[in-house]
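Tertiary structure, described
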Amino acid sequence: MNKIVVPTVDEADQEGPLYEAHKKVYPQAVSGTFRSIKWKLMAICLGIYYLLPFVRWNRGLGAPNQAVLVDLPNSRFYFFFIELWPQEVYYFTGLLIVAALTLFLMNAIGGRIWCGYLCPQTVWTDLFYAVERLVEGDRRTRMKKDAADITLQRFFEITAKHSIWLMIAWWTGGAWVLYFNDAPTLVGQLLTFKAPMIAYIWIAILTCTTYILAGFMREQVCVYMCPWPRIQAALTDEWALNVTYKYDRGEKRTSLKKARDLRALGEPVGDCIDCYQCVAVCPTGIDIRDGAQLACIQCGLCIDACDTVMTKIGMPTRLIGYDNDINIQRRQVGKPEIYRLIRPRTIAYTALIAGVGAVMLYALLTRTLLDINVLHDRNPVAVRLSDGSIRNGYTLRLLNKRGFDRTVAIDVDGVSNPTLHVVGIDSITQDRPAIVLGRDQTTELRVLVTAAADETQKSVPLKFRITDIGLGEVASATDNFVMP
Amino acid sequence: MTEHKDIDAVSGTATTGHAWDGIKELNTPLPRWWVLTFYATIIWAIGYWVVYPAWPLISGYTAGVFNYSTRADVAVELGNLEKIRGAKMVSLGAAPLAEIEKDPALLALARARGKVVFGDNCAPCHGSGGAGAKGYPNLNDDEWLWGGSLDQIMQTIEFGVRSGHAKGHEGNMLAFGKDGILKRDEIATVANYVRSLSGLPPRKDADLAAGQKIFAENCASCHGDLGKGNIDMGAPNLTDKIWLYGSDEATVIETITNGRAGVMPAWGGRLDPATIKAITVYVHSLGGGR
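Rules behind the numbers
Residues numbered from 1 in each chain as written. Chains lettered and ligands numbered in written order. Predicted model: local features only at pLDDT ≥ 70, side-chain atom pairs only at ≥ 80, totals over all residues. Heavy atoms only, no water. Helix = DSSP H or I, 4+ residues; strand = E, 2+ residues; numbered from the N terminus. Rg over C-alpha atoms; globule rule 2.2 N^0.38 Å. Buried < 20%, exposed > 50% of the residue type's maximum accessible area, 1.4 Å probe, protein only. Contact = heavy atoms within 4.5 Å. Areas by Shrake-Rupley, 256 points an atom, 1.4 Å probe, with all protein chains shown as cover. Pairing = 2+ DSSP bridges. Axes fitted to C-alpha atoms, helices over the stretch in contact; angles between N-to-C directions. Buried area = accessible area lost by both parts, 1.4 Å probe. Salt bridge = Lys/Arg side-chain N within 4 Å of Asp/Glu carboxyl O. Polar contact = N/O pair within 3.5 Å; in protein donor to acceptor, adjacent residues only side chain to side chain. Nonpolar A, V, L, I, M, F, W, Y, C, P; charged D, E, K, R; others polar. Parallel < 35°, antiparallel > 145°, perpendicular 65-115°, else oblique. Phe/Tyr/Trp six-rings, centres within 6.5 Å; stacked < 30°, edge-to-face > 60°. Lys NZ or Arg CZ within 6 Å of the ring centre and 35° of its normal. pLDDT = per-residue confidence, 0-100. Core = buried A, V, L, I, M, F, W, Y, C linked by side-chain atoms within 4.5 Å.

Observations regarding the overall build of chain A
Summing up its helical and strand segments, chain A has 17 helices and 14 strands in all. Here the C-alpha atoms of chain A give a radius of gyration of 33 Å, more than 25% beyond the 23 Å that 2.2 N^0.38 yields for 484 residues. By its C-alpha atoms, chain A is 115 × 60 × 40 Å across when sized along the principal axes. For chain A, with 484 residues in total, the buried portion stands at 43%. Expressed as a percentage of contacts within chain A between residues at least 6 apart in sequence, the contacts between residues at least 24 apart total 70%. Carbon and sulfur atoms form 64% of the exposed surface of chain A, whose accessible area is close to 25900 Å².

So, in structure tokens, the structure goes:
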């Protein structure tokens, strides 16, 4: 198998210093397949982010009816039909594992799809660029204006651009806080300046970060701040489709006119006419013809730019396209192109995603809605009563995750003839205390278990069981009954 | 910046012009933002000296123009806390003792408040969980020297035992040996009889009938004919399995010889009535309450 040619250390040195002074990038407008994919994905991503808090979900009386809500004061997380308690945060761990694996799979198939199309930094920067282009004009106009002196009209232009940016940034922060409180209520409070201070603080923080990251730092974030390019680059293998300049078609590059002349003489000339359109449209300001590189977010805009030019000069399109070096080298020796999307790596990632997803789904479907925790008294661990019997104290925490009150009976097994006493509660039936658990909350009980002294044993396993009298649901927890 | 523009050939960076044994120092100044931040911290520090207490003096410290004091802050915070809790504690103070345990909210408040105050005031003798120690009753069990009802527990906490308070419990275990009421062998005999009352094995040669006779003449007036005790005098029940000072023969003989007079302080003057109620409910709910 052909290996990808890795530049030697000396060559790598020539790529540039570790940090370069910032050069402002002026990406040119472009249209084409990938641009339109990016517009659509941007609309979907921003649409979800800005509108999701307003989606309603009926959970019955007294429960929040917001589809996605992080209810911090009550320690509940609502996601459509799912309601998670603080002790179930491991579902988020599962979600993060699936997200990471999905990122791996995306990489194995098409390189840094995340970077180019879905990353918030890309989406918002793209949006900010669109605003800039709308207000100040395209690449050449902007470069000219930046170089010229500031006139009154220019001043208004700059003010308009920053105002729109700030509005977008402000609404980005505004949408964020809506996930933490009932959205319509909070919007009303925000408009009348009655919202809690923390909401304004978070809006301010996210307004600043959005404005700075998407308006000013832009590609700097991808190149210097973000760890993903490093990680994703390491995950890409020789079969992954990456935005690639097909040098087998492009070299040697020269101007259109010269190329015609040389071709007429029978000299070898490539399709690339050195028009620099791929560089002009690049949001990170790189030259894709230098090969795969860290700063390339693989958004595919250079493909659109190149295709436009190739169509104009009557050459086949996709001189730049999603491809890999293996195919370039195969074409050079006359072998047919091969694409392997289904290979051990992608199969493994898919299987892992399916596996983790199945485990999460199983856990979610079988999660308990009635639960019990036991804490044994430590001081004293056991008490001898006047008749010589032994009593142990426990703190029980009972969880009712259902949206209605219910009555549970408490039983205890393990010692012979135990007597159960719940402090502060008169048993409904003798020896089988019944407790009403409030809807969607925990109840703490102090329970005393008394049994005859058994001198032969120091400690006996004890099992507490609660039974929902109405639904028959059972939950249990074990502890020990200790002799003094 | 510098007059002499000596450029280092290898790095392409200007040097400071200093040379030591042919080694030159590159001129790589700190970034401006870093230097400015550093100056800002110095200015901040000076401002801090002026505004906040900063310098220790021989007898005191510079108070700063704000007169800031963490101690005063704590006092304010505690005051606010009392305000927040005030209403709840008032309702606790107003509720009859018997009602508190039936109201889950009041019970939770009383237990929480009681636990904290118990830890501060009672735990040194009774243990943090009320498990007691030799001479200090276990509050988790069901034996009560002075009664285990809510009212009786509150009476004991408020006025104490042998505390010197007019309403405190009084009642002394006489020093039968020290005061010459009983002889040594009589004490040993009655001790074996007393131990047998709660089912403990007496000595083989012990004369239980003689012991019973001594008991009837000397002990029964307080502990009862059957040794069942008397809570009016704080006389313990001798037939149960709970022994405040220990059940082995030597300890029982010591108790009879020298008497016992443990003191429980009166808390009435030190803790407010609502807090005493809270401790009462807490102790009652530990498990021994009647």
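Some points on the sheet that holds strand β13 (residues 459-468) of chain A
Residues and elements named next belong to chain A. Ordered in space as β11-β9-β13-β14, the four strands form an open sheet in which the pairing is antiparallel. With one partner strand each, in any of the chains shown, β11 (434-437) and β14 (474-482) form the two edges of the open sheet. Here the average twist between neighbouring strands, direction ignored, is 30°. Here strand β9 (residues 406-413) pairs with β13 via six bridges, running antiparallel. Residue D413 lies in a different strand from β13, and its bridge partner there is K463.

Notes on the interface of chain B and chain A
On the chain A side, the residues contacting the 18 residues of chain B number 13 residues. Roughly 1200 Å² of surface becomes buried between chain B and chain A when both sides are summed, with 53% attributable to carbon and sulfur atoms. For chain B, the biggest contributors to the area lost against chain A are N140(B), D142(B) and K241(B); these three give 31% of the whole. Between chain B and chain A we count zero salt bridges in total. For the interface between chain B and chain A, the tally reads seven residue pairs in polar contact (both at pLDDT 80 or more). Contributions of two or more residues to the side of chain B that touches chain A are made by α4 (104-121) and α11 (273-288) of chain B. Examining the composition of the side of chain B that touches chain A, we find that four residues originate from one element, α11(B), more than from any other. For the side of chain B that touches chain A, a count of residues per class yields four nonpolar, eight polar and six charged.

Side note on the pairing of strand β6 (residues 370-376) of chain A
Residue and element names in this part refer to chain A. Taking every second residue as pointing to the same face, the buried face of β6 carries L370, I372, V374 and H376, while none of D371, N373 and L375 on the other face is buried. Summarising the sheet, β6 and strand β8 (residues 390-400) pair through seven bridges and their orientation is antiparallel. Bridge pairing in β8 places L375 opposite T395.

What to know about the packing of α4(B) against α11(B)
Residue and element names in this part refer to chain B. In the contact formed by α4 and α11, the axes pass within 7 Å of each other and the chain directions differ by 95°. Considered as vectors, α4 and α11 are oriented roughly perpendicular to each other. Between α4 and α11, the residues in contact are L107, A110, R111, R113, G114, K115, V117 and F118 and T275, A278, I279, V281, Y282, V283 and S285, respectively.

With respect to the side chain of R367(A)
Residues and elements named next belong to chain A. Tracing the sequence through the fold places R367 in the loop between α17 (344-365) and β6. In this structure R367 comes out as buried when scored by relative accessible area, which is 18%. Polar side-chain contacts of R367 include one of 2.5 Å to the backbone oxygen of E83. Residues contacting R367, with those up to four places away along its chain left out, are E83, L84, E88, Y91 and K401.

Quick word on the pairing of β8(A)
All names here are of chain A. Of all eleven residues in β8, nine are buried; the element is thus mostly enclosed. Two strands pair when backbone bridges link them, and β8 and strand β12 (residues 441-451) are joined in this way by eleven bridges, in the antiparallel orientation. Bridge pairing links L396 to L445 in β12.

Here we look at the packing of aromatic side chains
Residue and element names in this part refer to chain A. Taken as a whole, this structure holds 28 aromatic pairs over all chains when the rule is applied. Measuring from ring centre to ring centre gives 6.4 Å for W165 and Y211, while their planes differ by 70°; the resulting arrangement is edge-to-face. One end of the pair, W165, is in helix α7 (residues 152-178); the other, Y211, is in helix α9 (residues 197-217), and 46 residues separate them in sequence. The same class applies to W165 as to Y211, namely buried. Cluster of aromatic residues (ring-pair linked, three or more members): W57, F77, F79, F80 and F92. The ring of W39 carries the charged tip of R35 above its face, separated from the ring centre by 3.8 Å. The ring of W85 has R76 lying over it, and the distance from NZ or CZ to the ring centre is 3.7 Å.

Let's talk about the sheet that holds strand β3 (residues 82-84) of chain A
Residue and element names in this part refer to chain A. Strand order in the open sheet formed by three strands is β1-β2-β3, and the pairing between neighbours is antiparallel. Sheet topology places β1 (68-71) and β3 at the edges, where each strand pairs with a single neighbour. Strand-to-strand, the axes of this sheet are offset by a mean angle of 10°, without reference to chain direction. Bridge analysis of strand β2 (residues 76-79) against β3 gives three bridges, and the strand direction is antiparallel.

Digging into the confidence of the model for chain A
Residues and elements named next belong to chain A. When the pLDDT values of chain A are averaged, the result is 90; 95% of them are 70 or greater. Of all the helices and strands in chain A, helix α1 (residues 9-13) carries the lowest mean pLDDT, 47, while helix α2 (residues 33-51) carries the highest, 97. Predicted confidence for residues 7-13 stays below pLDDT 50, and this span has two contacts to residues more than four positions away or in other chains.

A look at the nonpolar core
One finds L92(B), I100(B), F118(B), I157(B), I279(B), V281(B) and V283(B) to be the most contacted residues of the largest nonpolar core, which totals 30 residues. Elements with a contribution of two residues or more to this core: α2 (70-94), α3 (97-100), α4, α6 (150-159) and α11 of chain B. With eight residues, α11(B) is the single largest residue contributor to this core. Here I157(B) is in contact with M264(B), P265(B), A266(B), W267(B), G268(B), I276(B), I279(B) and T280(B), once residues within four sequence places are set aside. Counting residues in hydrophobic clusters, the runner-up holds 28 residues, among them V374(A), I390(A), L398(A) and V449(A).

Topic: the confidence of the model for chain B
Do not read the predicted coordinates in detail wherever pLDDT is low. For chain B, per-residue confidence averages 91 on the pLDDT scale, and 99% of positions sit at 70 or higher. Across the whole predicted complex the pTM is 0.73, and at the interface the ipTM reaches 0.73.

A look at the pattern of salt bridges
All names here are of chain A. Tallying each qualifying case throughout the model produces 39 salt bridges over all chains. Between R343 and D237 there is a salt bridge whose closest N-O contact spans 2.9 Å. Of this pair, R343 sits in the loop between α16 (325-332) and α17 while D237 sits in the loop between α11 (228-235) and β4 (242-245), and the two are 106 residues apart along the sequence. Judged by relative accessible area, R343 falls into the buried class, the value being 6%. Among the residues examined, D237 registers a relative accessible area of 13% and is labelled buried. Through salt bridges with shared partners, a single network forms among K24, E132, E136, R142, K145, D146, R154, E157, K161 and R218.

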